[in-house]
Amino acid sequence: MRRHWGIIGLVVALGLGIFSGQVAKPEPVHAAEKTYTIAMDTTFPPFEFADKNNKRVGIDIDLIEAIAKAEGFKVQLKATSFNGAVQELQANQVDGVMAGMSITPERKKVFAFSDPYYQSGVVMAVRKNGNITKLSQLRGKRVAVKTGTASADYANSIKKKYGFKTITFDDSNNVYQDVISGNSAACFEDKPVMQYAIATGLGLKLGNMKMAMANDYGIAVSKAEPALVKKINAGLKKVRKSGEYNKIVEKYLGNGSQADTDKKAKETNDSSSTFFGLLKSNRGALMAGLGETVQLTIVGILFATLVGILVGLLGVVPNKLAQGIATTFIYIFRGLPLMVLALFIYTGVPMVIGTKIPAFVAGIITLTLNEGAYTAAFVKGGIGAVDVGQMEAARSLGLPWTKAMRRVILPQGLKIMVPSFINQFIITLKDTSILSILGLMELTQTGKIIIARNMEGFKIWTMVALIYLIIITLLTWLSNWVQRRIQA
Amino acid sequence: MTTRIEMKNVVKKYGTNTVVRGVDLKVEDGEVVAMIGPSGAGKSTVLRMMNGLETTTSGEILIDGIDIAKPHVDIDKVRAKIGMVFQHFNLFPNMSVLGNVTLAPTELGMMTKDEADKEGRRMLDSVGLADKVDAMPSTLSGGQKQRVAIARALTMHPDMMLFDEPTSALDPEMVGDVLGVMRKLAKQGMTMVVVTHEMGFAKEVADRVVFFEGGEIQESGTPEQVFEHPKNERLQSFLQKVLEA
């Protein structure tokens, strides 16, 4: 029995080593010229969106870069969902959020805000050719809003009075599509955003309603970074004074004429909307997304397999404590939905440990724990499936448990496990798509962003699906080849 | 004469179910003991206790005078001195015949790879399988498998051998080969405990026959005493059934 403690110690030490190594990864934030990470929404045109070369552009982006230049600091921009951005700021994963964010008393309790940089308000939009144009027509209907926005607050404040229900989405695109498809009767949105979207060809029009909840957009900053607020305010004053501010706004909203907004639309939209045209113009972005997906998959499989084997072995050591640890590990991490685990690690844990966890690292930890738990379960099962007579025969010859396990049981168990490993690799590859919730620019997130710009959901998702199928086919071929080699 | 195995009032319970009820048994050096009795009598459990594959609920088991249930005893060292042969052979399917035979002595540092290969080939030759050295276990017949299992145990140079129904899983025509090897071993003076249903073998080879039923030793004696003049009623009816069959 004493020998087994050696293995347990090794497993625990290795496990801790992996995780502490990842978490303690230093952040190169405090350099001479400070770099601040600013989280943004993926699609909130004209404040942030991708142009037809999939370059991220918008009023927010140009403005923060102008401010940074004026004040001599650097910004790193991160595209995630609005909701995700807010959570990341709360978890101190980023230094600020600039996403057409209204300054509200509630938010001011949690974050520090810059001076207002844009005045907006909530408007209603309805289907271009529909009959509904007024608030009073919404009784018994459904209204789409974006999670956590001022528009959502407004919709909720009047929904009793006008008798409608609300449905929330994480992306503006989904909000608009829900109205265009007729599932929702109307949506509420910030005025400049709505104007821009309509002007660039979206099938909606402004409803008959006065702009409500006039509000100011500000940049939210962690209360731990008062220096950044000062810099932003100083920079904002400078760019307003120099006229750069007006130039930026005009660049995106134009002078209000139809001809001008049409021109803007052309700059944004893909030159060809055929399948192959879209494939050609988005190839670079899709390949970059694929690259990220492949990286996540390979690193994820590596760590998950390592942890899975170690935990699975712990589960068969003839020691109650070791088995308890393994069973608990499998129970918890196999039981938690991957998305909950990802959000917990990325936006939950940093609040407690006070250190940022980069999205990629959080993604890998998530995969390691979740896929590792599944791997541990079938490693444990595979070893258990080896005839007990094998262990008895080996022990009868005087071989200690570890030697019997290594030389006799594991080689036979591994053969049983091979198909499960292949299966798990494929699942891991697919599960990386869930990590798009962390704002990782992998294949799925790339697809979301392209679609947010060009609204070509069917064609782009077909491309994304085909890319997944191709790499899964390649992975399956590779695995089968390995399997034949092992079982030969 | 030295005592190799000594069991003192050994009891084994599974929950409330008592399968071995106070067994006392001594096996002397060079002795061949056959354990007979109906299925479920506890013979195999008693045999498996002798090398610690089964734990005892109470009582003592001394191997060469050492109580193997004591916590400081290195059970692996004790087992290295006791060869065990199973009903279902339990060869390692992931290695060749020679690999099976040489694994333990090399892993335990008793022999170098070359020494173990040489000794393994010698043992395989002694069980009549010199030509199967490189074969994989799955290609062998049952009788051949069991002879490899015996050679595997013998390569460790054990002081005693335990056989758990070594011929029960074999086709009838294979039984003779395996019993032949065991007969030869007995003649060479190996200490052997054999759980068996082969009454002919027990009669011919054993120095002593022990009859089990209901988890107890009902009768024990020379083959002549047990088979020709059984005193115990249960033994009498057991023999009647076996011999009629």
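Definitions and cut-offs
- Residues numbered from 1 in each chain as written.
- Chains lettered and ligands numbered in written order.
- Predicted model: local features only at pLDDT ≥ 70, side-chain atom pairs only at ≥ 80, totals over all residues.
- Heavy atoms only, no water.
- Helix = DSSP H or I, 4+ residues; strand = E, 2+ residues; numbered from the N terminus.
- Buried < 20%, exposed > 50% of the residue type's maximum accessible area, 1.4 Å probe, protein only.
- Areas by Shrake-Rupley, 256 points an atom, 1.4 Å probe, with all protein chains shown as cover.
- UniProt positions renumbered as here; feature names shortened; annotations may be inferred.
- Contact = heavy atoms within 4.5 Å.
- Buried area = accessible area lost by both parts, 1.4 Å probe.
- Salt bridge = Lys/Arg side-chain N within 4 Å of Asp/Glu carboxyl O.
- Polar contact = N/O pair within 3.5 Å; in protein donor to acceptor, adjacent residues only side chain to side chain.
- Core = buried A, V, L, I, M, F, W, Y, C linked by side-chain atoms within 4.5 Å.
- Expected span 1.5 Å × (residues − 1).
- Bend = angle between axes of the 7 residues up to and from the residue.

Of the regular secondary structure elements, chain A holds 19 helices and 13 strands. Residues classed as buried in chain A amount to 54% of the 488 residues present. Within the structure as shown, chain A displays about 22000 Å² of accessible surface, and the carbon and sulfur contribution to it stands at 60%.

It is worth spelling out the UniProt feature "transmembrane region" (unreviewed entry) in chain A at this point. All names here are of chain A. Annotation from UniProt places "transmembrane region" (unreviewed entry) at residues 296-317, 329-349 and 460-478. As a span, residues 296-317 carries 86% helix and 0% strand, and end to end its C-alpha atoms are 31 Å apart. Secondary structure content for residues 329-349 is 90% helix and 0% strand, while the C-alpha to C-alpha distance between its ends is 18 Å.

Contacts between chain B and chain A engage 24 residues on the former and 19 residues on the latter. Both faces considered, chain B and chain A share a buried interface measuring about 1800 Å² in area, 54% of it formed by carbon and sulfur atoms. Contact with chain A buries surface across chain B, with Asp76, Phe92 and Glu107 of chain B losing the most and accounting together for 30% of the total. Close ionic contact of Arg407 of chain A with Glu107 of chain B constitutes a salt bridge, the shortest N to O distance being 2.5 Å. Where chain B packs against chain A, one counts nine residue pairs in polar contact (both at pLDDT 80 or more). Mapped by element, the contributors of at least two residues to the side of chain B that touches chain A are helix H2 (75-80), strand S6 (82-85), helix H3 (97-107) and helix H5 (142-154) of chain B.

A few words on the nonpolar core. Formed by 81 residues in total, the largest nonpolar core has its most connected members in Ile383 of chain A together with Ile5, Met7, Met35 and Met50 of chain B. Not counting chain neighbours up to four residues away, the residues in contact with Met35 of chain B comprise Leu25, Lys43, Val46, Leu47, Val193, Val194, Val195, Thr196, Val210 and Phe212 of chain B. In this structure, Val85, Val127, Val205 and Phe211 of chain B belong to the second largest nonpolar core, which totals 48 residues.

Summed over all chains, the structure comprises 22 salt bridges over all chains. One salt bridge connects Asp178 of chain A with Arg142 of chain A, and the closest N-O pair in it is separated by 2.8 Å. You can see Asp178 of chain A sitting in helix H6 (residues 172-180) and its partner Arg142 of chain A sitting in strand S8 (residues 142-146), a full 36 residues away along the chain. Of the residues examined, Asp178 of chain A reaches a relative accessible area of 8% and is grouped as buried. It is possible to trace a salt-bridge network through shared partners that takes in Arg4, Asp29, Asp64 and Asp159 of chain B.

Another aspect to go through is helix H14 (residues 338-353) of chain A. All names here are of chain A. Compared with the 22 Å implied by 1.5 Å per residue over 16 residues, the 21 Å span of H14 between its first and last C-alpha is a close match. The sharpest bend along H14 measures roughly 35 degrees and falls at Ile345. Those residues of H14 that sit buried are Leu338, Leu341, Ala342, Ile345, Tyr346, Thr347 and Pro350. Taken from the residues just after H14, Gly354 is the one with a positive phi, measuring 70 degrees.

Okay, helix H4 (residues 113-126) of chain B next. Residue and element names in this part refer to chain B. Taking 1.5 Å of rise per residue, 14 residues should cover 20 Å, and H4 covers 20 Å from first to last C-alpha, within 8% of that figure. The secondary structure elements touched by the buried residues of H4 are H3 and H5. Looking one or two residues past H4, Gly128 carries a phi angle of roughly 80 degrees, positive in sign.

Attention now goes to the environment of Gly59 of chain B. Along the polypeptide, Gly59 of chain B turns up in strand S4 (residues 58-63). Excluding anything up to four places from it in sequence, Gly59 of chain B contacts Lys8, Asn9 and Val10 of chain B.

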